[in-house]
Amino acid sequence: TPWDIQNPQRLHDYIEVLFETLNRRTLRIPPSTGSIRIAENWSANWEYSLDGHTCLPAQRASDASLFLPVTKPPASGIVRLRYRPRWFVTPLGVP
């Protein structure tokens, strides 16, 4: 765990919130991060990107929060998270 007294160097491995609005977040994560859990209600409309690459859908954690697997931590450590309601994606009248 990050607060393990036997592993004090991990005390400084934390996620920093760089920017936050109701539907966007920019985070800086440590290089050793394997996943991120955010205490926010999950929705299929949440997506995230690592270093600005392809957007991936946020997964639902067992407690219905957001879960973001980090298969390859970004070099800059920047993770962008956004909420995109589906009705913004397609114009009215177009399937």
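Within each chain, residues carry numbers counting from 1 in the order of the written sequence. Two thresholds apply to this predicted model, a pLDDT of at least 70 for residue-level local features and 80 or more for giving and counting side-chain atom pairs, whereas whole-chain, interface and lining totals are computed over all residues. Heavy atoms from the whole structure form the basis of all side-chain values; hydrogens and water molecules are not counted.

A. Region of interest: the sheet that holds strand β8 (residues 78–83). Here we have five strands laid out as an open sheet, ordered β1-β2-β8-β4-β5, and antiparallel in their pairing. The open sheet is flanked by β1 (16–20) and β5 (56–57), the only strands paired with a single partner. Any two strands with at least two DSSP bridges between them are considered paired. Put simply, DSSP H or I for four residues or longer makes a helix, DSSP E for two residues or longer makes a strand, and each gets a number counted from the N terminus. In this sheet, strand β2 (residues 24–28) lies alongside β1 in antiparallel orientation, the contact comprising four bridges. What sits directly across from F19, in β2, is T26.

B. Layout of the confidence of the model for the protein. For the protein, the mean per-residue pLDDT works out to 81, and 77% of the residues sit at or above 70. Confidence of the predictor at the level of single residues is given by pLDDT, which spans 0 to 100. Across the protein, the element-wise mean pLDDT spans from 62 in helix α1 (residues 86–89) up to 95 in strand β6 (residues 59–60). Predicted confidence for residues 1–5 stays below pLDDT 50, and this span has three contacts to residues more than four positions away or in other chains. Note on contacts: a residue pair qualifies if any of its non-hydrogen atoms lie within 4.5 Å across the two residues.

C. View of the environment of R24. Along the polypeptide, R24 turns up in strand β2. Sequence separation between R24 and W46 is 22 residues, and the spatial gap between their C-alpha atoms is 9.2 Å. Among residues more than four places away in sequence, those in contact with R24 are F19, L81 and R82.

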